[in-house]
Each structure stands twice: as C-alpha cells, then as structure tokens.
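Observations on the three-dimensional arrangement
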Amino acid sequence: MIRQDFSRVDPKRRPNIDPKRRQFADPGFKQQDYDHRLNFYVVPPTAEITLEEFEVWAIGRLKVLSELEGCSFRNRSQEETTTYMTSILEKHMPLHANSSRSGILQDERKKDHYSHFILRLAFSATEDLRRRFSRLETMLFRLRFKDDDLKERQQFVDSLGLEWERVEEEERRELGAELSAASGLKKVDEQGWFKVDWERVPELVEQRRVFLKRGKAYVPAREQLSLVVAEFTRRLDEALELTARALPRLDEDDRLAPILAHLSQSFTAPDAAYSSSDAVDGLSAPTAASIDTLSQHFPLCMQNLHQTLRANSHLKHYGRLQYSLFLKGIGLSLEECIVFWRRSFKLITDEKFAKEYKYNIRHVYGDVGGDANRRGRGYTPYSCQKILTEALPGPGQSHGCPYRTFSTDILVSLLQKTGVNEREVLGQVREDVKKQRYHIACNRVFEWAHKREIKKVKDDGSWGAAELDTILHPNTYFKRGWLLKHLGEGNVGVVGDGEKMEE
Ligand code: SF4
C-alpha cells in the first residue's frame, strides 16, 4: 500500500520474491469506501499512501493509544476517560458520524483504517505487545461505540452479520426466572435476548450479569455493547496471531522495517514517565554505604530486590538491571554502584565479579556499549508501566512488581514486614490486587505510610494536587517519599514528575 515512487527496496531483490508470497508482490490496489464511522478492521487496506502518511498516521494513533493506557494506569473512570480523550481524539484522530455532514469523512476513516493496520504490524511481534495493543484498541473501539450516533451505530452492528442466536419466546418464558435473576431485569419479555457461546462475553460472565446454560450465555439486547466489543476483541486477537506469523516476510521490505521497529520501541520505551529530575536534589549524593538506610524509602519492588540481594548475596540478571537502573535514577554514581554490587556479591571473587558483572553495570550507565548507549547516558530507569507489563519472573528471579508477581498472602506478609500493619489498608490492597490494579495498591500503601506528611503539605498548601498525583514510577515513589519524610529540613520544595525542585 506504499506508493512506488517512495520505494527504497533494492530492485535486485524484487524478482526473488517467493511465488507463494504473491499477495505482497502484486497487491490489488483498490480505493475503499467507508459507509460507517466504526470499523472492525476486517479488510486490510490496499490503496496507495506515501511513506510519510504511513508514519504520521501511525504516530497519531500511537499517541491516542498511549493516552488511553495512561488513563487506565491512572485509574480514570469511564466518564473521566471519555472527557479526557475528547480533545486528544479530535487532535490526532478525529472520526465524525455521517450525520455531521463533514466533507472529509472518507479521509478521516481512511486514516483510522490504515493507522490501525500499520500498528497491527508494529505490535504483533511479541505476545506482550499483542496483548497491550488488543486491550487498547478495544478501549478505543468501546469509546467510539458509546458516543456514536445511535442510528448509525445500529446500522454498523447490522452490517457485521454477527451470528447471535435469538432466544425464542417459548424458551424465554421457560427461563424467565433465571434470566431475571441473572440480568436483574424485572420484565424479561420487554426486550430481545441472544444466545452466544459464553467465551464470547467474558466480561458479562465475570460480572455474573448473564444466565449460563449448556455453554451458552443468555444476553439481553441492552448488553449489545458488551457483545459487540467482545466480538471486536476476539477477531482482533485472531488477526494479530495471523499477522505475527506473516511478519518475517516484512523483513524483505527495508522501507517499512525501520519505521515499524521505531513505532514498537516507542510503545515499549522503558523510560516512560521518568524525568531526570526524579533524582533527588536535596539528597546528598548517595553512596554504596547509604543504600541500606535509604532502602526504607524504596517502593516494594526495589525493597524486595534489596532484601533478596542481602539474603542471597546475589541477584539474577533482570533483577540487577531493574535495581541498578533505579539506583542510578536516585543519583548513585557509576563508581559507587560498582562498589555497591561488589560488596553485595560477597560470595564471589574479585576476578569473577570483574569478568561477569562489572561490564553490565557500566553498560547500564552508558560507560560502554552502543545502541541505546550511543549518547553515553545508558538506559533510563524503568517505569511502573514497563515493570508491570513485562513477562513474569521465572524461578529464582526477583524482578517485577511484587503487587503483581506475588501471591496475595505472601504480598501481605511482605507488606507487614515493611511496617504496613493496618488491617483496613491490607484488606484494600487485597481488593486492588484481585482487580489487577497493582499500582493503585502501591499508591495506597504510599499514602498510608506518608499520611501525616501528606496532610501537612496539603493543609499548608505547599504541595498542590499535581505534586501528589498518582505515582507511576519507582523513582518518583522514592523521591516523593524521601522529601515528605524530610519536610522542613531546608532544602525541600515541590515534588512531581518532571518538575524542578526549589532550593
Ligand atoms: Fe514498584 Fe511501581 Fe510496582 Fe509500586 S507499582 S511496587 S513502584 S513497580
């Protein structure tokens, strides 16, 4: 779908394309018409666009998806998300209804269609990316579905040809009591009902809002949103699997591969939500010897790594990486970091340490290595988002976020060891974790541990809402916690992501 005058494919490679891959060699270019505002993205685009459009459209969609992910991370309600996203969607990916009579409807829908498929290519490479992409695209679809023109929305649903089996009147009467109990509807005959395989409506099943019988879920018409959204996700998940299998063929196209790699990297950037001002200015430079004391202010992910390191005199690779980046973020110098790890790995010789571990620490700081270290700064500390969306740690590994990786009982006993002893808070943490709201649990613990100081800065107005916004980064957790515990010591100003502290 890229216009040929922008092609940078080595012409010598074209004749060698495998005949089985003809669909890539000879795509049937075709302009599509978009009757509906909403799209299930079933038919891939085949018309021509420029490389610039390819990249700009994808970046626009990426911006929208990232903001949506931010909303879910900040635990915004559906209404808050809708309000927050309105201007962002209008700016990056406007999509108007037919009734708006806009003259650029087709252009908007084309951009929406193409950008979806471009990101599908970029984010189908790993299971983690596929899962995130599917979740965010589903959020976007739901948002648009809800605010679509009612008549046009129904026309769209009718056009999908979904195979929902209607529940006949006789069966509806027979099951009246069960349907009423499950749906909460007093009069079950006031609306139509559908039977679908229960796996197709996991959300309704999970919330116990449907009656189940012989593998079928009985869904009232008012739950159409859930049905359509579940179908959207199911089809997208299947399509992503297929895309992943076709992906190696794209390696032949040296126009697209770098753009796609760049897009997926910006989606997984480890430094999201980190700013260099997360290093604590008021803290005199930490040293290898001061880490034990400072660790009382660390978030649970880093406290867990610290305790494991102290218990075993060792940490596996990903744990070392996560912890070294965090320590670098709080201002530990490379030299002190090397001393810290050398002293911590008590059971090995200097020679083994120098040979197997030192290089990695220097690499983290950008002292050696290429790629991400090109500008000599090394890697940036991992955000909660990065830590929370990585594969779960294997046996013997301790990295990740304990709110996600530990069983609830072990998590609670770990929290108790760190001093969280209020039953109500621990109960709320259990609830948060059950709902997979891990960073909310972490923020809850932070607020409990600093409740007196938070009250003080709120009461005297020295910190505003922005400075006390949800914590999204382990280094912000440390910085905010440290500053709160050192209030009034003369060097403390305001604290927040990306804000300068005042002397
Ligand atoms: Fe660490 Fe973030 Fe998990 Fe808190 S939510 S423990 S800061 S990764």
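Thresholds applied
- Residues numbered from 1 in each chain as written.
- Predicted model: local features only at pLDDT ≥ 70, side-chain atom pairs only at ≥ 80, totals over all residues.
- Heavy atoms only, no water.
- UniProt positions renumbered as here; feature names shortened; annotations may be inferred.
- Buried < 20%, exposed > 50% of the residue type's maximum accessible area, 1.4 Å probe, protein only.
- Helix = DSSP H or I, 4+ residues; strand = E, 2+ residues; numbered from the N terminus.
- Pairing = 2+ DSSP bridges.
- Near = heavy atom within 4 Å.
- Nonpolar A, V, L, I, M, F, W, Y, C, P; charged D, E, K, R; others polar.
- Contact = heavy atoms within 4.5 Å.

The protein is annotated in an unreviewed UniProt entry as DNA primase large subunit of Lophium mytilinum. Turning to the protein, the UniProt record has this under Function (unreviewed entry): "DNA primase is the polymerase that synthesizes small RNA primers for the Okazaki fragments made during discontinuous DNA replication." Regarding the protein, the relevant UniProt record gives this comment under Sequence similarities (unreviewed entry): "Belongs to the eukaryotic-type primase large subunit family."

Of all five residues in strand 2 (residues 193–197), four are buried, a share of seventy percent or more. In this structure, strand 1 (residues 165–166) lies alongside strand 2, joined through two bridges in antiparallel fashion. Bridge assignment links arginine 166 to a residue of strand 2, and that residue is phenylalanine 194.

A word on the site of the ligand. As a matter of local geometry, the ligand sits amid Pro299, Cys301, Cys384, Ile387, Cys401, Tyr403, His439, Cys442 and Pro474. Contributing elements (two or more residues each) for the shell around the ligand: helix 18 (384–389) and helix 22 (438–449). Of the residues contributing to the shell around the ligand, the split by class is eight nonpolar, one polar and no charged.

Attention now goes to the UniProt feature "binding site: [4Fe-4S] cluster" (unreviewed entry) in the protein. Under the UniProt annotation, "binding site: [4Fe-4S] cluster" (unreviewed entry) lies at Cys301, Cys384, Cys401 and Cys442. Despite a sequence span of 142 residues, these residues sit close together in the fold, their greatest C-alpha distance being 10.1 Å. Position of cysteine 301 relative to the elements: it lies in helix 13 (residues 300–312). For cysteine 301, the residues in contact, after removing those within four places along its chain, are Gln322, Gly400, Cys401, Pro402 and Pro474.

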